[in-house]
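# Structural characterization, general
Below are the chains, spelled out letter by letter.
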Amino acid sequence: MAWVGSRDFARDQFDHVAQAARQPGSTFKPIVYGAALEDGISPTQSYRDISVNIRSADGSVWRPTDMSGASGRRMTLREGLIYSKNTITAQVMQDTGLPRIVDLARALGVNQSKLDAVPSLSLGTSQVTRLEMVSAYATIAQSGEYRKPVFIKRITDRHGNVLAEFGAQPSQRALSAMTAVELIDMMRGVVSRGTGQAVKTQFGIVADVAGKTGTTQSNTDGWFILMHPNLVAGAWVGFNDGRITL
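Remember, it's a predicted structure, so these values are computed and weren't measured experimentally.

## With respect to the overall build of the protein chain
- Looking only at helices and strands, the protein chain features seven helices and eleven strands.
- The principal-axis extent of the C-alpha atoms belonging to the protein chain is close to 70 × 45 × 40 Å.
- Here the protein chain holds 246 residues, and 45% of them are scored as buried.
- The long-range share in the protein chain, meaning contacts at least 24 apart out of those at least 6 apart in sequence, stands at 62%.
- Total accessible area computed for the protein chain in this model is approximately 13100 Å², and 51% of it derives from carbon and sulfur atoms.
- One finds the centroid of the 26 positive side-chain charges in the protein chain at a distance of 3 Å from the centroid of its 21 negative side-chain charges.

Structural data, given as structure tokens:
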């Protein structure tokens, strides 16, 4: 419905929707949890909120942590997404496997940018575009059916005769409808009692919405993607120069 590429085209002629590739942070996590649900992992399966050491293929060790620290208590898969726990997400990634997560991301709509199949991918370290992420969330919102984004729907002449139409290609099943419904419900929890509560408390949104927040290291990038049955909106805040942080 809308495409805002920069604050002011006269000052900044750079499109942050389709040109700028930035780390999506935790907005990538629903893809990890979607892959887990698709593989049969229950949303009630529990994991312990502790720091884990994950060895990469090159021998290096990755130890994800959370700003709030590790509580040591058990949390369900659902709670891991609602509260955006890095420690839980990393364990879910281990159980699901990176190839499955990458394949799902591609099927959902993250199909232009390169995705590095390394453990930290689960926390959104591979750079992607806003268009790709909003497209992926739209696929989830459409019960798991991917439709390629369309920029021009039709062209007519001065008399209203249709000269060309676009976007009539069939949808592609990326995620089972059952998994999509479960994932959407988990993401409802993000805005009702998790990291995205402010969208309801500050802005008074009372509609049926679901979404996910995302921040990258040192608050370099800030994201929020919100889904409604009829609309998906994705917002990013940051600087053109990724070395400048918020």
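There's plenty left to go through after this.
## A closer look at the side chain of Thr87
- Among the secondary structure elements, Thr87 is positioned in helix H3 (residues 86–96).
- For Thr87, a relative accessible area of 1% gives the class buried.
- For Thr87, the side chain forms a polar contact with the side chain of Asp49, separated by 2.6 Å.

## Quick notes on the packing of aromatic side chains
- A full pass over the atoms with the stated rule returns one aromatic pair.
- For the ring pair Trp3 and Phe151, a centre distance of 5.3 Å and an interplane angle of 70 degrees mean the geometry is edge-to-face. With a gap of 148 residues between them, Trp3 in the segment before helix H1 (29–38) and Phe151 in the loop between strand E5 (145–146) and strand E6 (154–156) connect regions that are remote in the sequence.
- What makes Phe151 exposed here is its relative accessible area of 57%.
- Sitting over the ring of Trp236, Arg130 keeps its end group 4.9 Å from the ring centre.

## Some details on the sheet that holds strand E9 (residues 210–215)
- Strand order in the open sheet formed by three strands is E9-E10-E11, with antiparallel pairing between adjacent strands. Single-partner strands in this sheet number two, and they are E9 and strand E11 (231–238). Ignoring strand direction, the axes of neighbouring strands in this sheet form an average angle of 5 degrees.
- Two elements, strand E10 (residues 221–228) and E11, share eight bridges in a ladder whose sense is antiparallel. Its bridge partner being in E11, Ile225 is matched across the sheet by Gly234.

## Section: the pattern of salt bridges
- Applying the stated criterion across every chain, the model contains 13 salt bridges.
- Here Arg100 and Asp39 are joined by a salt bridge, their closest N and O atoms 3.3 Å apart. Remark: Asp39 occurs in the loop between H1 and strand E1 (46–48) and Arg100 occurs in helix H4 (residues 98–108); sequence separation between them is 61 residues.
- Classification of Asp39 by relative accessible area gives partly exposed; the value is 42%.
- Asp49 serves as the salt-bridge partner of Lys85, at 3.1 Å between the closest nitrogen and oxygen. Taken together, the positions of Lys85 in the loop between helix H2 (77–82) and H3 and Asp49 in the loop between E1 and strand E2 (54–55) put the pair 36 residues apart, joining distant regions of the chain. Like Lys85, the residue Asp49 is buried in the burial classification.
- Connected through shared salt-bridge partners, Arg78, Glu182, Asp185, Arg188 and Asp208 make up one network.

Calculation criteria
- Residues numbered from 1 in each chain as written.
- Predicted model: local features only at pLDDT ≥ 70, side-chain atom pairs only at ≥ 80, totals over all residues.
- Heavy atoms only, no water.
- Helix = DSSP H or I, 4+ residues; strand = E, 2+ residues; numbered from the N terminus.
- Buried < 20%, exposed > 50% of the residue type's maximum accessible area, 1.4 Å probe, protein only.
- Contact = heavy atoms within 4.5 Å.
- Areas by Shrake-Rupley, 256 points an atom, 1.4 Å probe, with all protein chains shown as cover.
- Lys, Arg positive; Asp, Glu negative; His and termini not counted.
- Charge placed at Lys NZ, Arg CZ, Asp CG, Glu CD.
- Polar contact = N/O pair within 3.5 Å; in protein donor to acceptor, adjacent residues only side chain to side chain.
- Phe/Tyr/Trp six-rings, centres within 6.5 Å; stacked < 30°, edge-to-face > 60°.
- Lys NZ or Arg CZ within 6 Å of the ring centre and 35° of its normal.
- Pairing = 2+ DSSP bridges.
- Axes fitted to C-alpha atoms, helices over the stretch in contact; angles between N-to-C directions.
- Salt bridge = Lys/Arg side-chain N within 4 Å of Asp/Glu carboxyl O.

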